[in-house]
Amino acid sequence: MLDRRTGHPTGWRKAIWLMGCALLPSCSAESAVEPVLVATASQMGPVGYRDPAGGISPDGRLVAYTQGRMVVVETLGPDAARRTLGPAPSQVRYVRWLPDGDRLAVHERSFDQRAQWWTVYDVVTGASQALWSTAESAGDGDTATGSAMVGRLLELSWSPDGGAVAGVTREGGRSQVWTFDESGGRGTVVAESERLSLPEFTPSGELACIERSDGRQSLRLPCAAGPVSWLDHHEPYGHVAFSPDGTVVYYAAPGANGVLELWARPVGGGEARRLAAHERDAYEPSVTRDGAVLYKSQDYMVSVWGIQPDGGGVQQITAFQSETPT
């Protein structure tokens, strides 16, 4: 599919390309499929502006990504359509598909960083509501309600059957990975360490996560255990994803030049296959139920523009590519 950008924004520009592994039923470590560009997100803002978040729906019909305070949902296929959800009242930090493929969980944070929350959008109607807005009764011991702590939860992830949700809290220099049922009840801490992030369920319901310790990134599978050894010397960055049968893990790891490359490796160990490499990072895989893999890559170009004091006469001053012109 072709790049479906609607225009050429001026000033600061940061674009993230979402690319599918040809959107074919298989993109495993054994396949060799040329990736196809399926969507482009343009971000306006300075160098530190947030990377657009997003991914492909479990059924492979839709791609969602952030663009400023909006969430864009695009239909894949010959009847391509585009709609926007929002705008969010502040920053959109994470976007996660629910297993039904009809709803998106969107993490929003106030610009002063004093408040954050999760909103669930219906991608068909555009209707939205707070996640777990109805409080559940808390249990005993190490249990808690998701609705009572939803403002502290980061990086939510749903199990393939929708029966479990995982998230991360970070307080006091420690991080905890929690699991809840689909209504936010039965909260349980499954792992705790200095820096855990990005929990992800396998198709069988096992929970993986990423740990950062002593300046290195590691995969924990299960998250409650220590780092795996079968990634050899690869350090996974960003979300990992799993093939529908759970036998292959997809992840991004730095190559020889420090740029993230997309890899596939058998779960438990085996020969890894590099699926994608670009001039800039290839990362953040998400997988459909039929095995299509979608990931992001970047093109970052900033140019200087001049404008008349009355608002007219916009003119581009620099034509070269640069990340930080002055």
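Note that the structure is predicted; figures quoted are calculated from it, not measured.

Enquirer: Tell me about the state of the cysteines, and please be specific about residues and values.
Expert: On inspection of all chains with the given rule, the structure shows one disulfide. There is a disulfide in this structure between Cys209 and Cys223, and the S-S distance comes to 2.1 Å. Disulfide Cys209-Cys223: the torsion about the S-S bond is 90°, which places it as right-handed. Residue Cys209 is found in strand 16 (residues 207-213), and its partner Cys223 is found in the loop between strand 17 (216-220) and strand 18 (237-242); the two are separated by 14 residues along the sequence. By relative accessible area, which is 1% here, Cys209 ends up buried.

Enquirer: Which residues make up the sheet that holds strand 14 (residues 188-193), and what values do they have?
Expert: Taking strand neighbours across the sheet as the criterion, the four strands line up as 11-12-13-14 in an open arrangement whose pairing is antiparallel. Looking at strand neighbours, the two that pair on one side only are strand 11 (154-158) and strand 14, the edges of this open sheet. For this sheet the average axis-to-axis angle between neighbouring strands, irrespective of direction, equals 20°. As paired elements, strand 12 (residues 164-171) and strand 13 (residues 174-181) share eight bridges and run antiparallel to each other. Bridging across to strand 13, Ala166 finds its partner in Thr179.

Enquirer: Give a description of the packing of aromatic side chains that names residues and reports values.
Expert: Per the stated rule, a full pass over the model turns up three aromatic pairs. Seen in terms of ring centroids, Tyr94 and Trp118 are 6.4 Å apart; in terms of plane orientation they differ by 15°. Their pairing is stacked. One end of the pair, Tyr94, is in strand 7 (residues 91-97); the other, Trp118, is in strand 9 (residues 116-122), with 24 residues separating them in the sequence. We classify Tyr94 as buried; its relative accessible area is 13%. Owing to a relative accessible area of 1%, Trp118 belongs among the buried residues under this scheme. Taking the centre distance of 5.9 Å and the plane angle of 5° together, the rings of Trp178 and Phe180 count as stacked. Both residues of the pair, Trp178 and Phe180, count as buried. Among the aromatic residues, those joined into a ring-pair cluster are Trp132, Trp178 and Phe180.

Enquirer: Describe the sheet that holds strand 15 (residues 196-201), naming the residues involved and giving the relevant values.
Expert: Strand order in the open sheet formed by three strands is 15-16-17, with antiparallel pairing between adjacent strands. Two strands in the sheet have a free side with no partner beyond their single neighbour: strand 15 and strand 17. Across the sheet, the mean angle separating the axes of adjacent strands is 20° when strand polarity is ignored. With five bridges joining them, strand 16 and strand 17 adopt antiparallel strand pairing. Residue Cys209 lies in a different strand from strand 17, and its bridge partner there is Arg220.

Rules behind the numbers
Residues numbered from 1 in each chain as written. Predicted model: local features only at pLDDT ≥ 70, side-chain atom pairs only at ≥ 80, totals over all residues. Heavy atoms only, no water. Disulfide = S-S within 2.5 Å. Helix = DSSP H or I, 4+ residues; strand = E, 2+ residues; numbered from the N terminus. Buried < 20%, exposed > 50% of the residue type's maximum accessible area, 1.4 Å probe, protein only. Pairing = 2+ DSSP bridges. Axes fitted to C-alpha atoms, helices over the stretch in contact; angles between N-to-C directions. Phe/Tyr/Trp six-rings, centres within 6.5 Å; stacked < 30°, edge-to-face > 60°.

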